[in-house]
Amino acid sequence: MFEEPFRWLEAISTRHSYVQEKLRKGQPVIAVPYNEGTLMLGFSSQPGKIFELYDRIAMGGLGHPADVERLRMTLLDLAHLEGFNRSEKDVTLARLLQFGIAPALKQNFEEVVRAPYLIQLLLMEIDFDNKPTFFRVNYDGHWESFKNGAVIAGDSNLVDVVEKKIAAAGFATMPLDQALLEACRIWESAKQDIEDDDWEDPAPTLKDAFEKWTLEAAVLSTVSPRKAIYRKITDAELETLKSACLS
Amino acid sequence: MSASFSESIAQGDFIDLLNRSGYSWPNPAQVPTVDKTQLTQGTTVLAFHYKDGVLVAGDRRATAGNAIMYERCDKVIPIDDYSLMAIAGVPATAFEMARVLSHNFEYYRRSQLQPLSTEGKVRALSRLLKDNMGLAIQGVGAVSPIFASFNQKTGAPVIYFYDLLGAQFEIRTHTATGSGSPVIRGVLEHEDLWGESPLAGRDENDAALLAIRLLQTAGRFDSATGQASPDDLIYPIIACITQEGYHFIPDEEVAALFRQAVRRNS
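Let me begin by describing the structure that accompanies this report. (Residues numbered from 1 in each chain as written. Chains lettered and ligands numbered in written order. Predicted model: local features only at pLDDT ≥ 70, side-chain atom pairs only at ≥ 80, totals over all residues.)

Considering the overall build of chain B
When helices and strands are counted, chain B shows seven helices and 13 strands. In terms of overall size, chain B behaves like a compact globule, its C-alpha atoms giving a radius of gyration of 19 Å where 266 residues would be expected to give roughly 18 Å. Along the first, second and third principal axes, the C-alpha set of chain B runs to 70 × 45 × 30 Å. Counting over 266 residues, chain B shows a buried share of 47%. (Helix = DSSP H or I, 4+ residues; strand = E, 2+ residues; numbered from the N terminus. Rg over C-alpha atoms; globule rule 2.2 N^0.38 Å. Buried ≥ 20, exposed ≤ 12 C-beta atoms within 10 Å, placed from the backbone.)

Encoded structure:
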């Protein structure tokens with residue numbers, strides 16, 4: 001069937017539909033700046049939504065956990081080999097994506113005899129001038145960068161709404177606790193702003209989400225004295241956030 | 001840089017990843033004959049338990065034979081947030097080991113989503129030393145390190161001394177290595193047993209003062225150990241590991257401590 005261009009295009013189109021349908025229920029991961037770094041958060045039914053990749057790089061993912069894990073390990077390998085063979089200052093997300101996983105993901109997606117990756121990735125990085133950048137990677141290898149925050153979600157309408165709310169919120173000057181609270185409120189209000197009659201959201205409110213799932217959050221902190229500036233938000237901080245969200 | 005998606009289960013072993021990427025230690029049989037007097041080496045580094053954790057310190061001189069090659073060598077190297085390695089011997093090998101270890105620990109922590117155990121960290125350095133055995137026996141790549149860390153599970157700081165072939169020994173009080181170490185090991189023992197207080201009872205300030213005096217003393221008797229040179233702003237490097245992780249004492253604080261440490265009794 002692949003000898004005819006039309007059939008190939010049809011196969012690719014079918015693959016897009018298949019992957020998008022599989023990702024549709026993926027819960028959002030949000031990354032935003034705050035006054036001392038960057039913040040990423042998301043709800044998950046099992047631990048493993050947000051990860052440290054390298055000294056100044058963090059990653060969030062949605063999709064099939066096995067695929068997220070394989071890409072996480074690939075990025076970890078690339079980053080650590082680059083940091084060892086050259087320097088930690090040579091490890092940048094733009095290079096890891098442009099010359100690392102993006103070509104491999106695209107090739108994998110377009111080889112229609114191979115199983116596609118069921119993933120979306122959200123990455124954040126703080127460079128050595130303390131400037132944050134956010135990246136979104138699609139299952140077909142397409143990636144984009146953002147300056148003021150970014151989101152991934154299975155529902156593209158939800159992505160559009162969250163992006164607008166992030167742009168309007170002015171996260172860059174907020175302290176961490178306020179940024180956490182605002183990001184959670186955006187997560188909830190964006191869900192309420194979109195309507196989807198075809199699918200019932202298992203957790204349309206923060207109250208539902210806190211009851212059903214685990215909230216994971218982590219920061220890259222520009223005030224950290226350590227070489228590796230990633231820090232998971234502690235259980236105590238999350239409890240305070242939960243109280244603030246539900247009050 | 002290009003990705004190939006790994007099919008294997010992640011083991012968290014960075015050395016294995018390096019080997020798969022074509023990296024390996026030099027084969028001693030293929031190392032040409034080297035004039036050992038041209039190899040950069042020489043050192044005094046020390047570590048001891050004090051009240052809040054462990055202190056690790058070292059002089060700054062690197063020598064090749066009788067020649068002083070460098071006076072600002074950092075011989076206490078951070079490995080991860082809770083671990084330091086103090087190096088004596090050939091810096092080329094020692095710095096490489098520190099780089100491998102640092103990436104190894106961080107790679108493990110990030111890939112396995114938990115820190116490597118202190119026992120695992122201690123063994124990792126032992127493995128590197130064992131792999132370096134050929135060069136050490138030839139006398140061209142010998143490294144005699146001290147590894148200090150804070151065991152987060154037990155809440156206790158640890159110091160390990162290694163021989164050239166990788167045997168590890170846990171040190172409960174104090175240790176020193178390098179060409180100047182024989183001069184100060186007896187002093188450390190004397191201070192611990194009959195000094196004003198045992199080493200483990202001293203605060204960071206007193207521990208740092210002692211470290212400075214010991215390194216000055218080692219430099220007095222060992223030409224491969226550099227004394228401080230205030231005119232050139234060269235001071236010993238001193239770091240501490242506590243339950244909050246490691247921290248280096250800043251140069252300006254070491255300078256002030258140095259002035260206090262070397263003042264003589266009238």
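As for the interface of chain B and chain A
Each side of the interface is counted separately: chain B has 17 residues, and chain A has 21 residues. Looking at the side of chain B that touches chain A, the elements that each hand over two or more residues are α1 (14-20) and α2 (91-112) of chain B. In terms of residues, the side of chain B that touches chain A owes the most to one element, α2(B), which gives six residues. A class-by-class count of the residues in the side of chain B that touches chain A yields seven nonpolar, six polar and four charged. (Contact = placed C-beta atoms within 7 Å. Nonpolar A, V, L, I, M, F, W, Y, C, P; charged D, E, K, R; others polar.)

Looking at the sheet that holds strand β3 (residues 53-58) of chain B
All names here are of chain B. The strand order across the open sheet formed by five strands is β11-β2-β3-β12-β13, and the pairing between neighbours is antiparallel. The open sheet has two free edges, formed respectively by β11 (174-177) and β13 (245-248), since each of these has just one partner strand. Within the sheet, the average angular offset between the axes of one strand and its neighbour, ignoring direction, is 15°. Pairing of strand β12 (residues 237-242) with β13, which is carried by four bridges, proceeds in the antiparallel orientation. Pairing of Ala 239 across the sheet is with Phe 248, part of β13. Strands β2 (45-50) and β11 of the sheet are contacted by helix α5 (residues 181-194), whose axis makes an angle of about 170° with β11. (Pairing = 2+ DSSP bridges. Axes fitted to C-alpha atoms, helices over the stretch in contact; angles between N-to-C directions.)

Details of the pairing of strand β5 (residues 67-70) of chain B
Residue and element names in this part refer to chain B. Pairing analysis gives three bridges linking strand β4 (residues 62-64) to β5, with the strands arranged antiparallel. Within the sheet, the bridge partner assigned to Ala 64 lies in β5 and is Ala 67. Between β4 and the antiparallel strand that follows it, β5, lie two residues; Gly 65 among them carries a positive phi value of about 65°.

Quick word on the environment of Ile212(B)
All names here are of chain B. Note that Ile 212 resides in helix α6 (residues 204-221). Separated by 45 residues in the primary sequence, Ile 212 and Leu 257 place their C-alpha atoms 8.0 Å from one another. Beyond its immediate chain neighbours, meaning those up to four positions away, Ile 212 contacts Pro 236, Leu 257, Phe 258 and Ala 261.

Thoughts on α5(B)
All names here are of chain B. End to end, α5 covers 20 Å across 14 residues, agreeing with the expected 20 Å (1.5 Å per residue, within 8%). Among the residues of α5, those classed as buried are Ser 181, Ile 184, Leu 188 and Glu 191. What you see down the axis of α5 is that its buried residues fit within an arc of 85°, all on one side. Among the exposed residues of α5, those oriented more than 90 degrees off its buried face are Gly 186, His 190, Leu 193 and Trp 194. (Expected span 1.5 Å × (residues − 1). Arc of directions from axis to C-beta.)

A few points about the environment of Thr38(A)
Residue and element names in this part refer to chain A. Along the chain, the position of Thr 38 falls in strand β2 (residues 37-44). We classify Thr 38 as buried; it has 26 C-beta atoms within 10 Å. For the pair formed by Thr 38 and Ala 94, sequence separation is 56 residues and the distance between their alpha carbons is 17 Å. The contacts of Thr 38, once residues within four sequence positions are left out, are Ala 31, Pro 33, Met 124, Ile 126, Pro 132, Val 219 and Leu 220.

Describing unusual backbone geometry
Among all residues save glycine, negative phi is the norm, and among peptide bonds the norm is trans. Residue and element names in this part refer to chain B. Its identity as a non-glycine residue notwithstanding, Leu 113 has a phi of 60°, on the positive side. With respect to the helices and strands, the residue Leu 113 is situated in the loop between α2 and α3 (118-131). Using a count of 13 C-beta atoms within 10 Å as the deciding quantity, one classes Leu 113 as partly exposed. Despite not being glycine, Leu 233 has its phi angle at roughly 55°, a positive value. Residue position: Leu 233 is located in the loop between α6 and β12. Residue classification places Leu 233 among the exposed positions, given that 11 C-beta atoms sit within 10 Å.

Things to note about the sheet that holds strand β1 (residues 29-34) of chain A
Residues and elements named next belong to chain A. If you walk across this open sheet you meet the five strands as β8-β1-β2-β9-β10, and the pairing is antiparallel. The sheet is open, and its two borders are formed by β8 (150-152) and β10 (230-232), each paired with just one other strand. With strand direction ignored, the average angle separating the axes of adjacent strands in the sheet is 20°. Bridging between β2 and strand β9 (residues 214-221) involves eight bridges; their strand directions are antiparallel. Bridged to Leu 39 within β9 is Val 219. Against the sheet, helix α5 (residues 176-193) contacts β1, β2 and β9, and its axis sits at roughly 145° relative to β1.

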